[in-house]
Amino acid sequence: MACADSNETADVWRVGEVELFSRLLLGTARYPSPQVLGEAIAASGAQVVTVGLKRQLAPGGGENAFVEMVRVALRERGAHLLPNTAGCTSAREAVQLAHMARELYGTPWLKLEVVGDDYTLQPDPQELLVAARELVREGFVVFPYCTDDLVTCRRLLDVGCPLLMPWGAPIGSGQGLLNPFALRLLRERLPDATLIVDAGIGAPSHAAQAMEMGFDAVLINSAVSYSPDPVRMAGAFRQAVQAGRAARLAGIMARQDFAQPSTPVTGQPFLIG
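Here's a quick rundown of the structure. The structure displayed is predicted, hence computed values, not measured ones.

Our next topic: the pattern of salt bridges. With the rule as written, the count across this model stands at seven salt bridges. One salt bridge connects Arg23 with Asp11, and the closest N-O pair in it is separated by 3.2 Å. Of this pair, Arg23 sits in the loop between β2 (18-20) and β3 (24-26) while Asp11 sits in the loop between α1 (6-10) and β1 (13-15), and the two are twelve residues apart along the sequence. Residue Arg23 is classed as buried on the basis of its relative accessible area, which comes to 6%. The salt bridge partner of Lys111 is Asp198, with a shortest N-O separation of 2.8 Å. Here Asp198 lies in strand β9 (residues 194-198) and Lys111 lies in strand β6 (residues 109-112), a separation of 87 residues in the sequence. Taking the relative accessible area as the measure of exposure, Lys111 reaches 7% and is therefore buried. Given a relative accessible area of 4%, Asp198 falls into the buried group. Each member of the salt-bridge network shares a partner with another, and the members are Asp11, Arg23 and Arg245.

The next thing to look at is the packing of helix α7 (residues 150-158) against helix α8 (residues 180-189). Interhelical geometry of α7 versus α8 gives an angle of 40° and a closest axis separation of 10 Å. For the pair α7 and α8, the crossing hand works out as right-handed. Taken together, the residues of α8 that come into contact with α7 (itself represented by Leu150, Cys153 and Arg154) are Leu185, Leu186 and Arg189. In terms of residue class, the contact of α7 with α8 is built from four nonpolar, no polar and two charged.

The next subject is the environment of Leu150. Along the chain, Leu150 turns up in helix α7. With 16 residues separating them along the chain, Leu150 and Pro166 place their C-alpha atoms 9.8 Å apart. Not counting chain neighbours up to four residues away, the residues in contact with Leu150 comprise Leu185, Leu186, Arg189 and Leu190.

What follows concerns the nonpolar core. The biggest cluster of nonpolar side chains holds 59 residues, and the ones touching the most others in it are Leu112 and Val218. It is helix α5 (residues 91-105) that provides the largest number of residues to this core, a total of seven residues. Those residues within four positions of Leu112 in sequence are excluded, and the remaining contacts are Thr85, Ala94, Leu128, Ala131, Ala132, Leu135, Val142, Phe143, Pro144 and Tyr145. Counting 13 residues, the second-largest nonpolar core is a separate cluster that includes Val15, Leu25, Phe143 and Ile196.

This model, assessed by the stated rule, comprises one aromatic pair. For the ring pair Trp109 and Phe143, a centre distance of 5.2 Å and an interplane angle of 50° mean the geometry is tilted. You can see Trp109 sitting in strand β6 and its partner Phe143 sitting in strand β7 (residues 141-146), a full 34 residues away along the chain. Comparing Trp109 with Phe143 shows no difference in burial state: the two are buried.

Reading the values: the criteria
Residues numbered from 1 in each chain as written. Predicted model: local features only at pLDDT ≥ 70, side-chain atom pairs only at ≥ 80, totals over all residues. Heavy atoms only, no water. Salt bridge = Lys/Arg side-chain N within 4 Å of Asp/Glu carboxyl O. Helix = DSSP H or I, 4+ residues; strand = E, 2+ residues; numbered from the N terminus. Buried < 20%, exposed > 50% of the residue type's maximum accessible area, 1.4 Å probe, protein only. Axes fitted to C-alpha atoms, helices over the stretch in contact; angles between N-to-C directions. Left-handed = near helix turned anticlockwise from the far one by under 90°. Contact = heavy atoms within 4.5 Å. Nonpolar A, V, L, I, M, F, W, Y, C, P; charged D, E, K, R; others polar. Core = buried A, V, L, I, M, F, W, Y, C linked by side-chain atoms within 4.5 Å. Phe/Tyr/Trp six-rings, centres within 6.5 Å; stacked < 30°, edge-to-face > 60°.

Coordinates in, geometry out; function isn't part of it.
Below, the structure written as structure tokens:
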């Protein structure tokens, strides 16, 4: 079991009444084995782990070694399970799956995904909003996976979502933050909202960039599970998220149009020592 350092525990964030110190959320798909997954969760320090419910309800799914490994890893860390509705293409389908998730896993938390395009896996804003409104009304804590569109994000907050999960790039693409302008605008225009970059992050540097921009956390899956060494990569992401967050809190210097000497020139020669 990985232990949080003092910097992590001193910088907490919250989802409702739940207090969290790790700002790295981890997905569980496509790991080479349940054992590697468990070790990666520990190395990442993640306190929130996502599981695709459709995967578990498919033929051959259910209470298998994968599910049991996730449960064990979460018990050891005291972490929280975040079921997701990946693969849903309508609000109705997502709502039905959400009720199954709450019954199976005993948690009101739900990562809400409603895909509107098979090629980009881009969220459908209209169906997403319909599903979010209904699920919030029924007592779910909805983590909506959305684009970086400011208007859609505002409407999701208005219906009661406690946070937003805008994409950095298409799911699984590893392209990083394709539209930094839109993401910075979200952070600027929604200063009090909890924002988690979800999807498209491929390298620890991408995660650090998101944290430097002021996002509250990042969610990673493919960048870790597709690595030849997922456990080491999970640890690298943990360090990158910590570094990006520390840089944001410290304050990053403003960019300059021209060179600025780092050593002031007084006009008088002097010797040191």
